[in-house]
Amino acid sequence: LIWRHILPKMPKKIRCVAPDLLGMGRSKLRSPGSLDDYTLAKHIDWIEQFLLQQPQQSWTIVMHGWGSVIGSDIARRFPNRLQGLAYFESHLRPIVEPDMLSLPMHELSYMLQNTESLEASILDDNVLIEHWLPQLMIESVSDEVMALYEQPFKDRQDRSVLMQYLFEVPLGHRHTSVVDRIAAYATFLQQSPVPKCLMYGMPGMLTTMDAVQWAKDYLPNLTIKDLGEAHHFAQETCPDRFSEHLLNWLYLLPNVLD
């Protein structure tokens, strides 16, 4: 859904696919899923199997949000298939201290500490979609656009994937297998010569200015693209600017547009 304005702007000569994450969009389980159905490990397996079934033997992976953990973990394990890695609002390095978080992520962390009302907030009130999503866009969201984002999470059981995400997202106060995965691919990114693009906007939710500086300092073959005032959903609020920056980087990659 979030890529619906971006894909039409990509060159016709390259094949662009934006798969749903497991449990999101139209990628629903046949029966109502439990939290265990939507762990990060199962997300990774879902996307990995999708990629391996595609006819293309090389990948340029464009990532956003939770997809950056999924895509980067796969990239680390299939380095010979990579042509490029592009990031926007992504988990680039392990969050090991709360002070590494942005203000919105601190607010999310505070919400998670109130475990008694968490289930009601996420599953009953759909607070991540109804409240957080419009708050993370620069401009007001029309009813028509909100209806598009609400549709995949219309029913209570459809929101289990959001609940599981909150249980696993790194917030700097717990050491988990997710943090270990991010640490592993952060090391890979520092060693890999594959072309990388980091797009960032202000104010960043996942990609803070400290994270941008870390990327500048440690990631080889990196191109930085400043989207300006964009917040977390630049693909929605400034799709033309996002597409222009992404295209300018794609044109730098060898063989991608040949």
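Preceding this paragraph is the structure being described.
Residues numbered from 1 in each chain as written. Predicted model: local features only at pLDDT ≥ 70, side-chain atom pairs only at ≥ 80, totals over all residues. Heavy atoms only, no water.

Asks: Can you help me understand the packing of aromatic side chains in this one?
Replies: Two measures describe an aromatic ring pair: the distance that separates the ring centres and the angle between the ring planes. The final tally for this structure, using the stated rule, is five aromatic pairs. Ring plane angle 40 degrees and centroid distance 5.8 Å describe the contact between Trp-214 and Tyr-218, whose orientation is recorded as tilted. Linking Trp-214 with Tyr-218, this pair stays in helix α9 (residues 209-218), spanning four residues, or about one helical turn. Accessibility expressed as a relative area gives 45% for Tyr-218, which makes it partly exposed. A network of ring pairs unites the aromatic residues Trp-3, Phe-88 and Phe-242 as a single cluster. (Phe/Tyr/Trp six-rings, centres within 6.5 Å; stacked < 30°, edge-to-face > 60°. Helix = DSSP H or I, 4+ residues; strand = E, 2+ residues; numbered from the N terminus. Buried < 20%, exposed > 50% of the residue type's maximum accessible area, 1.4 Å probe, protein only.)

Asks: It is not clear to me how the sheet that holds strand β2 (residues 82-90) should be interpreted in this structure. Could you clarify?
Replies: Each strand in a sheet pairs with its neighbour through backbone hydrogen bonds, running either in the same direction (parallel) or in the opposite one (antiparallel). Pairing in this open sheet of four strands is parallel, and the strands run β1-β2-β3-β4 from one edge to the other. Only two strands of the sheet have a single partner each, and these edge strands are β1 (59-65) and β4 (222-229). Here the strands of the sheet are splayed against their neighbours by 15 degrees on average, with no regard to which way each runs. Sheet topology note: the β2/strand β3 (residues 196-202) ladder contains four bridges and is parallel. Within the sheet, the bridge partner assigned to Phe-88 lies in β3 and is Met-199. Sheet contacts for helix α11 (residues 239-250): β1, β2, β3 and β4; angle to β4, the most-contacted strand, approximately 170 degrees. (Pairing = 2+ DSSP bridges. Axes fitted to C-alpha atoms, helices over the stretch in contact; angles between N-to-C directions. Contact = heavy atoms within 4.5 Å.)

Asks: Whenever I open this one, the nonpolar core confuses me. Can you help?
Replies: Considering soluble globular proteins, one finds that nonpolar side chains tend to be buried as a cluster. Counting 84 residues, the largest nonpolar core has Trp-66, Leu-85, Met-111, Ile-122, Leu-166, Phe-242 and Leu-246 as its most contacted members. For this core, the element with the most residues is helix α8 (residues 177-191), which contributes six residues. Discounting chain neighbours no more than four positions away, the residues touching Met-111 are Leu-118, Ile-122, Val-127, Leu-128, Trp-132 and Leu-166. (Core = buried A, V, L, I, M, F, W, Y, C linked by side-chain atoms within 4.5 Å.)

Asks: How should the packing of helix α1 (residues 40-52) against helix α2 (residues 66-77) be read in this particular structure?
Replies: The description of two helices packed together rests on the angle between their axes and the distance between the axes. One way to put it is that α1 packs onto α2 with a least axis distance of 10 Å and a crossing angle of 60 degrees. One way to sum up the angle between α1 and α2 is to call them oblique. Seen from above, α1 lies across α2 with right-handed handedness. Judged by residue contacts, Leu-40, His-43, Ile-44, Ile-47, Glu-48 and Leu-51 of α1 engage Trp-66, Val-69, Ile-70, Asp-73, Ile-74 and Arg-77 from α2. (Parallel < 35°, antiparallel > 145°, perpendicular 65-115°, else oblique. Left-handed = near helix turned anticlockwise from the far one by under 90°.)

Asks: Explain the environment of Gln-157 here, please?
Replies: Take Gln-157: it is sitting in the loop between α6 (143-150) and α7 (160-168). Judged by relative accessible area, Gln-157 falls into the partly exposed class, the value being 36%. It is 9.8 Å that separates the C-alpha atoms of Gln-157 and Leu-35, two residues lying 122 residues apart in sequence.

Asks: Mind showing me how you'd approach the pattern of salt bridges here?
Replies: A side chain with one charge may pair with a side chain of the opposite charge, provided their charged atoms come close. Scanning all chains against the criterion turns up eight salt bridges. Between Arg-4 and Glu-236 there is a salt bridge whose closest N-O contact spans 2.7 Å. Of this pair, Arg-4 sits in the segment before α1 while Glu-236 sits in helix α10 (residues 234-237); the two residues are 232 residues apart in sequence, bridging distant segments of the chain. Residue class for Glu-236 comes out buried when judged on its relative accessible area of 13%. Each member of the salt-bridge network shares a partner with another, and the members are Glu-48, Asp-73, Arg-76, Arg-77 and Arg-181. (Salt bridge = Lys/Arg side-chain N within 4 Å of Asp/Glu carboxyl O.)

Asks: What am I meant to see in the state of the cysteines here?
Replies: Linking two cysteines covalently through their sulfur atoms gives a disulfide. Summed over the entire model, instances satisfying the criterion amount to zero disulfides. This cysteine, Cys-238, is not joined by any disulfide, and Cys-197 carries the nearest cysteine sulfur, 14 Å off. In this structure Cys-238 comes out as buried when scored by relative accessible area, which is 6%. (Disulfide = S-S within 2.5 Å.)

Asks: Help me out: how do you make sense of unusual backbone geometry in this one?
Replies: Outside of glycine, negative phi angles account for most residues, and trans bonds account for most peptide bonds. The omega torsion of the bond from Met-202 to Pro-203 falls at -10 degrees, within 30 degrees of zero and hence cis. Tracing the backbone through its elements, the reader meets Pro-203 in the loop between β3 and α9. The phi angle at Asn-126 is positive, at roughly 55 degrees, despite the residue not being glycine. Within the fold, Asn-126 resides in the loop between α4 (115-124) and α5 (127-135). Residues other than glycine seldom take positive phi values, yet His-231 does so here, at roughly 60 degrees. Mapped onto the elements of the fold, His-231 is located in the loop between β4 and α10. Owing to a relative accessible area of 9%, His-231 belongs among the buried residues under this scheme.

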